Amino acid sequence: MSARQVLVVCALLVMLVAGCDRSGGDRADPGGGRSASVEPAWREATLPVPPGPAGRLVLRDAVSCAGVRFLVGGVVDAAGGSRPAAWSSADGSTWLSVPVAASTFYGRQHVLYAAACTGGRVGALGAKNGGVHGNPRTGTWVRDGDGPLREVPAAFELFGGPRAVSVARLAAGAGGWLIAGARADGAAVWTSPDAAGFTLAEGLPELAGDARGRTAAYDAVALPAGWLVVGSLLPAGGAALRPMAWTSVDGRSWRRADLPVQDGRGRAERVVLRDGVPVAVGAVSDGFAVWRADDGARWRRVGGFGAAGPGVLSVVGLAVVGGALVAVTGDGAGRAVWMSTDGGVSWRSVRVPLTVVDGGDTALAVADGDDRLLLLADDGRTSHAWWGRV
């Protein structure tokens, strides 16, 4: 073979290897990914109908703590009436209805939509639209050990009133409990040492809105010492949101950080700790972005997935399962599940056993169960819970 022929063959081999590198692996391009979907062997869980009037189950969130799994949601009757409901399981196979003790008019109609736990205590957020303006009547719930899940009485304006905007997510850790949300002047939090009663902290420097723009908080996670909250900033005079994160040791003094995004548009909507490192996921202009704070303070974008859909993009769930990140997203038409096994760099879609449209009275949620993924799905007609090994 001549020297020229050798050079041609080497060049072809280099091109072939480069082509394989571009198309191989689990990498997901902005258009939704080219690699095969993850297909867990789903096994449906059977949930008992709680005592009380007949109705369909609605499932909204799940949490695992100290080896026990909890589901929260409600029961909705044919006339649209609702009541809170919860379930627990020690093995993920056999589920028991958790007794619920409501103490207020709206509490007896709550649907529980978020949960957290630490040690042997479980907390939940519940809401029911009502009143003259039909606004959410929001409250908190707590359970100790094997007792009932009981409503925590609170003054109306703690979560509602003319300054209310949102009560989004609940987090728990060694330092207590924290709720992330927003009030009239921007992002706000509610804190508690034991979930038996919360204190509102609004208008806090750096966390709340100021001359730089209006803020909102969507999710939170407990750190080894303090809290991490994620959300957005609408700059003064601007029309597009920017992703933000805040950290605090005590829930009162906050430090603000911008999350990098190419065109400055986006929201950080869900956050978890993976191997002790914060990972946030949120909607950006061309799909969904993944950020990681490797040193606890400086954020960098490490990956992305999905594509712009027919409506408003959103991230409505995020969990760590056996080391893998699992996210639930909406694109205005439907909701989807995605998985990453490399810390958020590359993603693959996950096939789910029920099609769920985006918006309306529907839900799709994920939670960890050691090395198994717990999937909750409500298509507006029926609710189901499945286990799938990842």
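Look up: the structure comes first, before these words.
Let us look at the structure shown here. No experiment lies behind these values; they were computed from the predicted model shown.

### Structural notes on the overall build of the protein chain
Check the secondary structure of the protein chain and you find two helices and 29 strands. Each principal axis of the C-alpha distribution contributes one length, and for the protein chain these read about 90 × 50 × 40 Å. Relative to its full complement of 390 residues, the protein chain shows a buried share of 49%. Sequence separation of at least 24 residues holds for 47% of the intrachain contacts in the protein chain that already meet a minimum separation of 6. The average position of the 38 basic charges and that of the 35 acidic charges among the side chains of the protein chain differ by 2 Å.

### Looking at the environment of Ser346
Mapped onto the fold, Ser346 is located in the loop between strand E25 (335-340) and strand E26 (348-350). A relative accessible area of 7% places Ser346 in the buried class. In this structure the C-alpha to C-alpha distance between Ser346 and Val302, which are 44 residues apart in sequence, comes to 8.8 Å.

### Some thoughts on the pattern of salt bridges
Under the counting rule described, the total for this entry stands at 21 salt bridges. Here Arg212 ties to Glu206 by a salt bridge, and the two come within 3.0 Å at their closest N and O atoms. Of the residues examined, Glu206 reaches a relative accessible area of 30% and is grouped as partly exposed. Here the salt bridges do not stand alone but share partners, grouping Arg56, Arg60, Asp361 and Asp378 into one network.

### What about the sheet that holds strand E20 (residues 277-284)?
On the basis of which strands lie adjacent, the open sheet formed by four strands has the order E19-E20-E21-E22 and antiparallel pairing. Looking at the sheet topology across the chains shown, the edges are occupied by strand E19 (270-274) and strand E22 (300-305). The sheet shows a mean angle of 25 degrees between the axes of neighbouring strands, taken without regard to direction. Both E20 and strand E21 (residues 287-292) contribute to a ladder of six bridges, which runs antiparallel. Counted as the bridge partner of Val284 is Gly287 from E21.

### Considerations on the sheet that holds strand E3 (residues 68-76)
The strands that make up a sheet are held in pairs by hydrogen bonds between backbone atoms, and each pair lies either parallel or antiparallel. The four strands are arranged E2-E3-E4-E5 in an open sheet whose pairing can be described as antiparallel. Both edges of this open sheet fall to strand E2 (56-65) and strand E5 (96-97), since each of them pairs with a single strand only. Relative to strand E4 (residues 82-89), E3 runs antiparallel, the two being bridged by eight bridges. Bridge pairing links Leu71 to Trp87 in E4.

### Quick notes on the pairing of strand E10 (residues 149-152)
Bridge count between strand E6 (residues 100-101) and E10: two bridges; the pairing is parallel. Among the inter-strand pairings, Val100 is bridged to a residue of E10, identified as Leu149. In this sheet, E10 lies alongside strand E9 (residues 135-144) in antiparallel orientation, the contact comprising three bridges. Looking at the pairing, Val142 lines up with Arg150 of E10.

### A short note on the packing of aromatic side chains
Any pair of aromatic rings gets described here by the distance separating the centres and the angle formed by the planes. In this structure the tally under the stated criterion is five aromatic pairs. On the numbers, 5.6 Å between centres and 35 degrees between planes, the contact of Phe159 with Trp190 is tilted. Here the residue Phe159 occupies a position in helix H2 (residues 156-159), and Trp190 occupies one in strand E13 (residues 186-192), the gap between them amounting to 31 residues. Of the two residues examined, Phe159 and Trp190, each falls in the buried class. Taken together, the aromatic side chains of Phe288, Phe305, Trp338 and Trp347 make up a single cluster linked through ring pairs. Of note, Arg372 hangs over the ring of Trp387, and the distance from its end group to the ring centre comes to 4.3 Å.

### With respect to unusual backbone geometry
The phi angle at Glu206 is positive, at roughly 75 degrees, despite the residue not being glycine. Note on placement: Glu206 falls in the loop between strand E14 (199-201) and strand E15 (213-223). Phi at Asp275 takes a positive value of approximately 55 degrees, unusual for a residue other than glycine. Turning to its location among the elements, Asp275 is positioned in the loop between E19 and E20.

### Some words on the side chain of Glu269
One can find Glu269 in the loop between strand E18 (255-258) and E19. Exposure remark for Glu269: the relative accessible area of 7% places this residue in the buried category. Within the structure, Glu269 has its side chain in polar contact with the side chain of Arg267 (distance 3.1 Å). At a separation of 2.9 Å, a polar atom in the side chain of Glu269 contacts the main-chain amide nitrogen of Ala283. Apart from residues no more than four positions distant in its own chain, Glu269 is found in contact with Tyr218, Asp219, Val230, Val281, Gly282, Ala283, Leu313, Ser314 and Val315.

Quick notes on the rules
Residues numbered from 1 in each chain as written. Predicted model: local features only at pLDDT ≥ 70, side-chain atom pairs only at ≥ 80, totals over all residues. Heavy atoms only, no water. Helix = DSSP H or I, 4+ residues; strand = E, 2+ residues; numbered from the N terminus. Buried < 20%, exposed > 50% of the residue type's maximum accessible area, 1.4 Å probe, protein only. Contact = heavy atoms within 4.5 Å. Lys, Arg positive; Asp, Glu negative; His and termini not counted. Charge placed at Lys NZ, Arg CZ, Asp CG, Glu CD. Salt bridge = Lys/Arg side-chain N within 4 Å of Asp/Glu carboxyl O. Pairing = 2+ DSSP bridges. Axes fitted to C-alpha atoms, helices over the stretch in contact; angles between N-to-C directions. Phe/Tyr/Trp six-rings, centres within 6.5 Å; stacked < 30°, edge-to-face > 60°. Lys NZ or Arg CZ within 6 Å of the ring centre and 35° of its normal. Polar contact = N/O pair within 3.5 Å; in protein donor to acceptor, adjacent residues only side chain to side chain.

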